[in-house]
Amino acid sequence: MTPNEALPLAVLASSLLPGLLIFALPEERVGLRTTLNLLGAVAKVVLIAALLAGVAAGEEYGFRYRVLPGLDLVFRADALALLFVSLSALLWFFTTLYAIGYLESGPHRSRFFGFFSLCVTSTMGIAMAGNLFTFFVFYELLTLSTFPLVAHRGTPQAMRGATVYLAYTLLGGTVLLTGIVWLHSLAGHTDFAQGGFLGVLAAHHDATLRIIFVLLIAGVGVKAALVPLHGWLPQAMVAPAPVSALLHAVAVVKAGAFGVVRIVYEVYGVEFAQALGLLLPLAVIAAITIVWGSLRALFQDDLKKRLAFSTVSQVAYIVLGVALFGPVGTIGGLVHLVHQGIMKITLFFCAGNYAETLGIHKVSQMDGAGRRMPLTSLAFTVAALGMMGAPFTAGAVSKAWLADGARTAGMDWAVWVLSVSSLLNAAYFLPIAWRSWMRPGPRVWPQEHIAARGWRETPWLLLLPPLVTALATLLFGVFAHAAWSPLSWAQLIAQREYVP
Amino acid sequence: MSTGMLFALVGALLFTMGAAGVALPGAPLRRIVAFNVMGSGALLVLVGLAQRGGGVDPVPQAMVLTGIVVAVAATALALALARRLGAPGARAASGDDD
Amino acid sequence: MTDPLPWLVVLPLAWASVAFLLGPGRGAVLAAFGVALQCALAFELAARVQAAGALRYAVGGWGSPLGIDWYVDGLAVLMLGLTQVVALPLLLYARSYFGHAGAAGRYFWPLAGFLIGGMNALFVSADLFNLYVTLEIVGLAAVGLVAAGGGAAQLAAALRYLFATLLGSGAFLLGVALIYGACGTVSIELLGPLLAGEAPRAVYVAVVLMSVGLFLKTALFPFHYWLPPAHGGAAVPVSALLSALVIKASFYLLLRLWLDIFAPLVQPLAWLPAVLGSAAILWGSWQAVRAEHLKLLVAWSTVAQIGYLFLAFPLLATQAAALDAVVFQTVSHALAKAAMFAATGVVIHVTGNDTVAGVAGVAQRLPLTLFAFALAGVTLMGLPPSGGFLAKWLLIDAALAEGAWPLVLVVLLGGLLAAWYVFRVLRQAFLLAPPTEVAVRAPRLMEWSALLLAAASVALGVRGIELARLIAPVGAS
């Protein structure tokens with residue numbers, strides 16, 4: 001095995017092995033468990049840094065393993081994979097820190113962190129999958145490893161949320177499997193290729209390929225929470241905050257959105273998908289999802305539910321970017337994959353801090369929270385501004401590229417959708433910021449678990465992650481054109497996808 | 001019609017009757033007897049059809065002998081089970097009649 | 001090393017007899033050593049078959065027609081290997097299980113030996129009459145195992161099972177008699193060319209009789225009525241052996257006949273098993289979804305999973321992947337079902353409650369066992385990465401190539417229903433349970449053997465290529 005084959009596997013192993021070890025640890029070995037967790041997370045970041053440097057220099061990383069004749073597990077760390085891999089690895093690191101702080105005294109931590117690591121491993125597998133078969137294997141592994149996380153609390157309410165989640169994702173997986181096997185039996189393989197691999201079948205199978213496209217998109221659309229397949233997302237809010245953060249920003253919805261990207265660009269090829277007339281309907285669905293998610297978010301009083309519907313809306317931006325025929329929209333969609341992750345995870349960290357420190361679960365309880373928890377509220381506000389697309393934030397960059405993409409693609413209506421969505425974003429985020437900063441706080445917080453100690457409004461493990469990600473939101477906005485920014489990387493990908 | 005064919009037809013009839021007896025609900029003993037009728041029917045078919053050639057064929061004879069042994073074993077097991085099921089206090093039964 | 005094949009049949013019969021002579025409840029260690037040795041022998045045989053192709057033996061040098069012939073090809077050696085590999089952890093499990101269960105284990109060891117010996121002989125027999133005899137040995141040993149040490153309900157289930165299995169082998173015997181009458185031989189090798197051309201009408205009757213008899217023994221819907229009480233009521237190691245292996249023995253025989261000598265005759269009938277299999281999947285899964293008792297749930301799941309084995313029958317003639325699908329389903333179900341019964345046994349042993357509702361809190365008390373149950377469930381649902389997933393993939397692939405959409409839908413629907421009944425248990429297990437005072441410790445050996453089997457069923461999804469290679473010559477012929 002050459003180093004270029006081993007490196008993608010090492011990325012998988014850096015979370016799989018700690019995960020398996022953690023399962024075996026007794027509950028009280030906190031130190032060892034934390035060490036394993038952090039060791040894995042740091043190792044992963046280092047490995048991925050090596051991959052990034054290599055791919056930028058034009059190296060190819062891949063590994064192929066034969067499961068059955070004609071059926072291979074393929075891992076490939078190309079530029080697109082690395083976009084998702086590095087996002088996940090970085091956010092995993094911070095989420096691990098946060099989760100260690102969050103679950104300090106909770107029960108079943110070995111189980112939690114074990115599945116947590118498996119969940120990240122599955123995400124890495126999805127990102128680096130080199131064909132649809134591999135993609136599906138890890139897509140379903142992700143479902144299986146997130147179920148115990150959503151169900152973690154073991155309350156009847158948690159079970160209900162987890163069951164809804166499971167019902168949606170397993171149905172989605174079934175539909176996806178149908179599409180993949182069908183494609184496999186038509187094309188003989190499912191290996192991703194730049195510019196797609198279905199063009200050769202074009203002449204005879206147009207209708208079939210359209211049906212398969214619908215099956216595939218419906219399959220990944222469940223995890224990407226495209227309307228009307230989004231019903232599980234608000235239900236899964238019963239999970240502990242780090243899990244919600246992970247589900248919404250990194251793992252599950254991104255896996256779905258990433259699947260859309262792979263299917264459109266590397267299975268069908270964007271020209272071929274356009275020729276089949278598949279991109280416009282996809283764009284329309286994305287637009288409906290954007291508006292519908294924002295509208296629903298407007299009427300949620302529960303903070304996490306409001307964020308959940310906001311996710312529904314924001315992830316559809318990525319899909320919209322993909323569906324806009326042309327490199328500019330592609331760049332917008334891809335860069336939003338990263339930016340949305342950073343901003344949304346900040347919001348969930350903060351929501352978790354409010355709930356954990358003060359017992360605040362609802363928007364209507366947010367009055368005065370800014371004075372009691374200024375750092376958390378600062379991070380929250382920055383991320384919320386980013387979501388709206390305020391200047392100097394990462395959100396502004398992605399929205400600008402998306403709008404440009406829509407205009408160059410001649411889909412001016414999409415620009416309107418984006419503007420309406422931005423207005424709605426402002427309408428549901430600004431009141432929260434307003435309440436937390438401007439309104440006086442109540443005399444007694446709903447449930448104050450953690451007292452403030454000096455500037456530390458809450459334990460530093462809970463404070464540090466949102467501050468770092470909020471800072472990243474600003475940095476990615478201000479230095480969007482720097483050499484290693486997500487935007488530059490997205491441009492590199494778009495260049496490779498469109499200029500074969 | 002040759003004698004062999006006659007045997008075979010009677011065997012088929014016996015098998016059908018026996019099979020019905022085994023399949024339909026009834027007292028265990030009745031079904032065990034029906035099983036024996038069924039088995040004899042099948043063996044009769046075996047012997048009957050094999051006689052068409054004229055001379056004596058040793059292979060079916062050997063098969064029938066083996067078949068009878070198997071049927072005896074099965075009957076013994078069935079009887080043991082039926083007896084235990086019928087015994088008072090079947091739950092505590094710990095006989096050594098397997 | 002001498003020829004492994006005769007020992008695979010002789011060894012289990014030998015240790016079973018010694019165990020019987022040792023007296024009630026004795027012989028566990030002997031059995032474990034015996035099966036461990038059989039495992040090694042089976043692998044050795046597999047290596048030889050792979051190197052030299054199918055092997056033929058004349059037992060005792062007599063040869064047919066009066067002597068017994070054995071024939072071992074890839075499929076046979078696969079079943080031999082599977083049987084020993086599943087039996088070994090189950091026997092270790094049983095040793096621990098019957099250590100607690102007293103009377104139930106009195107005759108387990110000799111009967112298990114006769115069962116395994118009978119199955120091994122069945123897999124290699126090369127003539128129809130011997131197949132009948134081995135089928136009866138397996139059936140009688142299985143009934144004995146179900147009945148051993150049980151109460152009235154269990155005896156009734158055993159008796160019901162006995163009548164079903166006798167009826168099945170009776171039909172098989174009549175079929176053998178008709179074929180002998182028509183063709184003058186029962187050797188599978190000699191029958192091949194005789195049945196290939198214009199076969200006499202009696203042969204068609206025989207084919208139907210033998211197939212129905214084997215359907216009955218394999219518990220294919222609607223002949224499944226005897227299975228849930230028998231498998232749901234027996235002692236746990238017995239249920240595991242029966243669900244994992246015994247029904248596979250009669251299925252193997254059916255597959256063998258339909259692939260080989262019956263192939264020219266059954267083409268018009270090939271859709272029948274698939275239709276019955278579909279009904280089995282839907283009905284069995286639905287009953288599992290509704291089952292109150294844990295072991296009944298697992299037993300109904302067996303009824304459903306058997307259905308998958310039959311779905312591929314209409315595709316066998318044209319699609320090479322169909323046979324692969326059947327083999328993967330056979331192997332992965334055997335491993336997963338053994339694991340699931342084993343895990344269920346641990347749960348019942350520790351909680352003292354055999355209802356689905358009683359599983360609450362098991363996630364905290366028995367994480368290892370629950371993990372085994374979940375892994376086995378992954379295979380049964382056909383989710384990746386598992387042997388069950390590969391089986392499902394191959395089956396859908398083959399069905400799509402034939403344009404057989406109804407089969408695809410049944411496979412997918414069956415997977416969802418399986419997820420329903422598996423997660424019914426899992427979500428119950430995750431619920432917080434009221435704390436209990438009595439702390440029964442789970443025996444380590446039982447927990448680990450369940451996990452080992454479950455892990456093997458999942459690992460098959462990653463290293464399945466050897467299996468495909470082993471049966472490749474059969475598919476080609």
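Keep in mind that this is a model prediction, so the values were computed, not measured.

Engineer: Outline the overall build of chain A, listing residues and values.
Structural biologist: The secondary structure content of chain A amounts to 20 helices and two strands. Against the 2.2 N^0.38 benchmark of 23 Å for 500 residues, chain A shows a C-alpha radius of gyration of 21 Å, consistent with a compact globule. Counting over 500 residues, chain A shows a buried share of 65%. Carbon and sulfur atoms provide 68% of the accessible area of chain A, an area that totals close to 16,600 Å². Each charge class in chain A was averaged separately, 30 positive and 22 negative side chains, and the resulting centres sit 10 Å apart.

Engineer: Go over empty space enclosed by the protein with me, naming the residues and quoting the values.
Structural biologist: Residue and element names in this part refer to chain C. All told, the structure shown has nine cavities of 30 Å³ or more when counted by the stated rule. Looking at the largest cavity, it is lined by 15 residues, and the ones nearest its centre are Tyr308, Gln329, Gly388, Ala391 and Lys392. Going through the elements one at a time, helix 13 (294–311), helix 14 (320–351), helix 16 (367–381) and helix 17 (387–401) are the ones with two or more residues in the lining of the largest cavity. Partitioning the lining of the largest cavity into residue classes produces seven nonpolar, seven polar and one charged.

Engineer: Describe in detail the nonpolar core, supporting the description with residues and values.
Structural biologist: Counting 432 residues, the largest nonpolar core has Tyr268 of chain A together with Leu128 and Leu257 of chain C as the members making the most contacts within it. For this core, the leading source of residues is helix 14 of chain C, giving 20 residues.

Engineer: Help me get a handle on the pairing of strand 2 (residues 71–76) of chain A, residues and values and all.
Structural biologist: All names here are of chain A. Of all six residues in strand 2, five are buried; the element is thus mostly enclosed. Pairing geometry for strand 1 (residues 62–68) and strand 2, over six bridges, is antiparallel. Across the sheet, residue Phe63 finds its bridge partner in strand 2, namely Phe75. Between the end of strand 1 and the start of strand 2, which pair antiparallel, lie two residues, with Gly70 showing a positive phi angle near 85°.

Engineer: Please set out the interface of chain C and chain A residue by residue, giving values where relevant.
Structural biologist: If you look at the interface, chain C gives 30 residues, while chain A gives 33 residues. Buried surface at the junction of chain C and chain A, summed over both partners, amounts to about 3,100 Å²; 82% is from carbon and sulfur atoms. The largest per-residue losses of area from chain C upon contact with chain A belong to Trp393, Arg427 and Phe430 of chain C, which jointly make up 24% of the total buried on that side. Put simply, chain C and chain A have zero salt bridges between them. Seen at the junction of chain C and chain A, the total is four residue pairs in polar contact (both at pLDDT 80 or more). If you list the elements that add at least two residues to the side of chain C that touches chain A, you get helix 15 (362–365), helix 17, helix 18 (405–430) and helix 20 (465–476) of chain C. The element contributing the most residues to the side of chain C that touches chain A is helix 17 of chain C, with eight residues.

Engineer: So what's going on with the interface of chain B and chain C? Residues and values would help.
Structural biologist: Taken together, the contact between chain B and chain C spans 37 residues of the former and 34 residues of the latter. Looking only at chain B, the three residues that lose the most surface to chain C are Met63, Leu81 and Leu85 of chain B, adding up to 18% of its buried area. Taken together, the links from chain B to chain C amount to zero salt bridges. Here chain B is connected to chain C by zero residue pairs in polar contact (both at pLDDT 80 or more). Elements that contribute at least two residues to the side of chain B that touches chain C include exactly helix 1 (3–23), helix 2 (28–50) and helix 3 (58–86) of chain B.

Engineer: Describe the packing of helix 2 (residues 28–52) of chain C against helix 4 (residues 108–124) of chain C, with residues and values.
Structural biologist: A pair of packed helices is captured by two measures, namely the crossing angle of their axes and the spacing between those axes. Residues and elements named next belong to chain C. At a minimum axis separation of 10 Å, helix 2 and helix 4 run at an interaxial angle of 15°. By the criterion of interaxial angle, the relationship of helix 2 to helix 4 is roughly parallel. Viewed along their axes, helix 2 and helix 4 form a crossing whose handedness is left-handed. Contacts from Ala28, Ala31, Val35 and Gln38 of helix 2 reach helix 4 at Trp109, Ile116 and Asn120. Considered class by class, the residues forming the contact of helix 2 with helix 4 number five nonpolar, two polar and no charged.

Engineer: Give a description of the packing of aromatic side chains that names residues and reports values.
Structural biologist: Applying the stated criterion across every chain, the model contains 37 aromatic pairs over all chains. Consider the rings of Phe112 of chain A and Phe113 of chain A, whose centres lie 5.3 Å apart with planes at 85°: the pair is edge-to-face. You'll find Phe112 of chain A and Phe113 of chain A in the same group, each marked buried. Taking 5.6 Å as the distance between ring centres and 25° as the angle between the ring planes, the aromatic pair formed by Phe135 of chain A and Tyr139 of chain A counts as stacked. Here Phe135 of chain A and its partner Tyr139 of chain A are both found in helix 5 (residues 132–150), four residues apart, which amounts to about one turn of the helix. For the residue pair Phe135 of chain A and Tyr139 of chain A, the accessibility class agrees, reading buried in each case. Among the aromatic side chains, those forming a connected cluster through ring pairs are Tyr93, Tyr97, Phe98, Phe108 and Trp109 of chain C. Its end group placed over the ring of Tyr139 of chain A, Lys223 of chain A keeps NZ or CZ at 3.6 Å from the ring centre.

Engineer: Give me the packing of helix 14 of chain C against helix 19 (residues 444–459) of chain C: which residues, what numbers.
Structural biologist: All names here are of chain C. Contact geometry for helix 14 and helix 19: axes closest at 8 Å, N-to-C directions at 155°. Overall, the two elements helix 14 and helix 19 adopt an arrangement that is roughly antiparallel. Like other packed secondary-structure pairs, helix 14 and helix 19 cross with a definite hand, here left-handed. From helix 14, Ser332, Leu335, Ala336, Ala338, Ala339, Ala342, Ala343 and Val346 reach across to helix 19, where they touch Met446, Glu447, Ala450, Leu453, Ala454, Ala456 and Ser457.

Engineer: Got a sec to walk through helix 5 (residues 128–147) of chain C? Specific residues and values, please.
Structural biologist: Residue and element names in this part refer to chain C. Its 20 residues give helix 5 an end-to-end C-alpha distance of 29 Å, which sits within 8% of 28 Å, the value for a rise of 1.5 Å per residue. By the criterion of burial, helix 5 is predominantly enclosed, with 19 of the 20 residues buried. N-capping of helix 5 is provided by Asp127, with a side-chain oxygen placed 3.0 Å from the backbone N of Phe129. Following helix 5 by one or two positions, Gly149 has its phi on the positive side, about 65°.

Engineer: How would you summarise the confidence of the model for chain B if you had to cite specific residues and measurements?
Structural biologist: All names here are of chain B. The share of residues in chain B with pLDDT of 70 or more is 83%, and the mean pLDDT across the chain is 83. Per-residue pLDDT stays below 50 along residues 90–98; that stretch engages in 16 contacts with residues further than four places along the chain or on separate chains. In the model output, the complex is listed with pTM 0.93 alongside ipTM 0.91.

Engineer: Describe the pattern of salt bridges, naming the residues involved and giving the relevant values.
Structural biologist: Going through the model one piece at a time under the given rule, you end up with 15 salt bridges over all chains. Its salt-bridge partner being Arg439 of chain A, residue Asp367 of chain A comes within 3.6 Å of it at the nearest N-O pair. Here Arg439 of chain A lies in the loop between helix 18 (412–438) and helix 19 (460–478) and Asp367 of chain A lies in the loop between helix 14 (327–358) and helix 15 (369–372), a separation of 72 residues in the sequence. With relative accessibility at 33%, the residue Arg439 of chain A sits in the partly exposed group. Ionic pairing is found between Arg56 of chain C and Glu189 of chain C, a salt bridge with its closest N-O pair at 3.6 Å. With a gap of 133 residues between them, Arg56 of chain C in strand 1 (residues 55–58) and Glu189 of chain C in helix 7 (residues 188–196) connect regions that are remote in the sequence. Under the relative-accessibility criterion, Arg56 of chain C is labelled partly exposed at 40%. Salt bridges sharing partners connect three or more residues here, namely Arg64, Arg66, Asp72 and Asp191 of chain A.

Engineer: Hey, could you go over the environment of Val363 of chain A for me, with residue numbers and the actual values?
Structural biologist: Residue and element names in this part refer to chain A. Structurally, Val363 is set in the loop between helix 14 and helix 15. For Val363, a relative accessible area of 4% corresponds to the buried category. Sequence separation between Val363 and Asp301 is 62 residues; the distance between their C-alpha atoms is 5.2 Å.

Engineer: So what's going on with the side chain of Asn425 of chain A? Residues and values would help.
Structural biologist: All names here are of chain A. The topology assignment puts Asn425 in helix 18. Polar contacts involving the side chain of Asn425 include one to the main-chain carbonyl oxygen of Met387, which spans 3.1 Å. Once you skip the residues sitting within four places of it in the chain, Asn425 turns out to touch Ser294, Gln314, Tyr317, Met387, Met388, Lys399 and Leu430.

About the cut-offs
Residues numbered from 1 in each chain as written. Chains lettered and ligands numbered in written order. Predicted model: local features only at pLDDT ≥ 70, side-chain atom pairs only at ≥ 80, totals over all residues. Heavy atoms only, no water. Helix = DSSP H or I, 4+ residues; strand = E, 2+ residues; numbered from the N terminus. Rg over C-alpha atoms; globule rule 2.2 N^0.38 Å. Buried < 20%, exposed > 50% of the residue type's maximum accessible area, 1.4 Å probe, protein only. Areas by Shrake-Rupley, 256 points an atom, 1.4 Å probe, with all protein chains shown as cover. Lys, Arg positive; Asp, Glu negative; His and termini not counted. Charge placed at Lys NZ, Arg CZ, Asp CG, Glu CD. 1 Å grid on protein atoms, 1.4 Å probe; cavity = no way out; pocket = protein on both sides within 12 Å on 5 of 7 lines; lining within 4 Å. Points joined across faces, edges and corners; volume = space filled by probe spheres on them. Nonpolar A, V, L, I, M, F, W, Y, C, P; charged D, E, K, R; others polar. Core = buried A, V, L, I, M, F, W, Y, C linked by side-chain atoms within 4.5 Å. Pairing = 2+ DSSP bridges. Contact = heavy atoms within 4.5 Å. Buried area = accessible area lost by both parts, 1.4 Å probe. Salt bridge = Lys/Arg side-chain N within 4 Å of Asp/Glu carboxyl O. Polar contact = N/O pair within 3.5 Å; in protein donor to acceptor, adjacent residues only side chain to side chain. Axes fitted to C-alpha atoms, helices over the stretch in contact; angles between N-to-C directions. Parallel < 35°, antiparallel > 145°, perpendicular 65-115°, else oblique. Left-handed = near helix turned anticlockwise from the far one by under 90°. Phe/Tyr/Trp six-rings, centres within 6.5 Å; stacked < 30°, edge-to-face > 60°. Lys NZ or Arg CZ within 6 Å of the ring centre and 35° of its normal. Expected span 1.5 Å × (residues − 1). pLDDT = per-residue confidence, 0-100.

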